[in-house]
Amino acid sequence: EAALSLLTDPEGNRRGTIAICRDITTRVKAEKQLLNTKLFLENIFATTRDGIYVSDPQGKCIMINQAFSDITGYRQEELIGGSAASLLADDSDAELSQQIMKAMDNKDDLSLFEARWKRKNGTVFPAEVRLAVLKTEAGDYNGIVASVRDITERRRVLEELRQSHEQLEEKVRERTENLEEMNTALRVLLQGREEDKQTHEDKILANVNELVLPYLDRLKATRLDERQRSSLAIIEANLKDIVAPFAGRTA
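Residues numbered from 1 in each chain as written. Predicted model: local features only at pLDDT ≥ 70, side-chain atom pairs only at ≥ 80, totals over all residues. Heavy atoms only, no water.

1. What to know about the overall build of the protein
Counting its regular elements, the protein contains six helices and seven strands. Written out in order from the N terminus, the α and β elements of the protein read β-β-α-β-β-α-α-α-β-β-β-α-α. Taken over the C-alpha trace, the protein has a radius of gyration of 50 Å; the compact-globule value for 251 residues is 18 Å, which it surpasses by more than 25%. Every one of the 251 residues in the protein was classed for burial, and the buried ones make up 22%. In the structure as shown, the protein presents an accessible area of about 18,500 Å², 54% of it carried by carbon and sulfur atoms. Across the protein, the centroid of the 37 positively charged side chains sits 4 Å from that of the 44 negatively charged ones. (Helix = DSSP H or I, 4+ residues; strand = E, 2+ residues; numbered from the N terminus. Rg over C-alpha atoms; globule rule 2.2 N^0.38 Å. Buried < 20%, exposed > 50% of the residue type's maximum accessible area, 1.4 Å probe, protein only. Areas by Shrake-Rupley, 256 points an atom, 1.4 Å probe, with all protein chains shown as cover. Lys, Arg positive; Asp, Glu negative; His and termini not counted. Charge placed at Lys NZ, Arg CZ, Asp CG, Glu CD.)

Below is the structure:
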């Protein structure tokens, strides 16, 4: 950086030049770095998918990105100078005011909440809003920067998941009821079969004791040879072995 001054004599004639030169390499680097940082932040501001708006201390919009225009349907020139609160659904205005006050009082200087916003065409959509307070070098309130994210799709997915969960619980409940009914029917069936089995065994035992064994006793009282008596004893022993489990259970 050079500063030149003209030297003149008392009559005003030019006698020379004074030049002061200063090495401004550090300043140029700092200015270049500052410019790069500014371009970097502007690029993030312009390309992020979340809508961003910045307000002054009076709550008027002074800056918005393209995503905010895309989400709300308003052009930038329609929003600059206006209040972002006007885009809220009627029942969300008070909530936003409370959240702004909370953000201002928050030591972390940040507040996250959900609100209902209105597009230019009048449709209302759910939004996730993140507020941060802007401050001056002295720490005084200097406005708000807010990011707005359309969570319609998230709400839709959550609703589908909720409905799927409810349907699954209903199916589980129905299956449980069906299993309980089947178990009850199976218990009744098994009980009936057990009763039929017991009746059948009792009938066999009674028939053997009343209709077979007495006649065997009569045969034993008749004149039988040794071979016949042996066969009769085998028959009697086998019959008693067959009905022995029934007799033990009945006893």
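Continuing now.
2. Comments concerning the pairing of strand β7 (residues 141–150)
Where strand β3 (residues 51–55) lies against β7, five bridges are found, and the strand directions are antiparallel. Each bridged residue has a counterpart across the sheet, and for S55 the counterpart in β7 is I144. Hairpin connection from strand β6 (residues 124–135) to β7: five residues lie between these consecutive antiparallel strands, with G139 at a positive phi of about 90 degrees. (Pairing = 2+ DSSP bridges.)

3. Some thoughts on the nonpolar core
Residues Y53, F68, A115, W117, V129, L131 and V148 are the most contacted members of the largest nonpolar core, which totals 20 residues. For this core, the elements supplying multiple residues, two or more each, are β4 (61–64), α2 (66–72), β5 (110–118), β6 and β7. With five residues, the single largest contributor to this core is β6. Counting residues in each nonpolar core, the second largest holds eight residues, with L213, L216, V243 and F246 among its members. (Core = buried A, V, L, I, M, F, W, Y, C linked by side-chain atoms within 4.5 Å.)

4. A short note on the pattern of salt bridges
Evaluation of the coordinates by the stated rule reveals 20 salt bridges. Put simply, E78 and R75 hold a salt bridge, and the shortest N to O gap is 4.0 Å. Residue classification places E78 among the partly exposed positions, given a relative accessible area of 33%. Judged by relative accessible area, which is 46%, R75 ranks as partly exposed. The salt bridge involving E236 is made with K240; its shortest N-O contact spans 3.3 Å. Remark: K240 and E236 occur in helix α6 (residues 226–250); sequence separation between them is four residues, near one turn of the helix. Linked through salt bridges whose partners overlap, the residues forming this network are E1, R22, R27 and E31. (Salt bridge = Lys/Arg side-chain N within 4 Å of Asp/Glu carboxyl O.)

Honestly, it's all geometry; don't read function into it.
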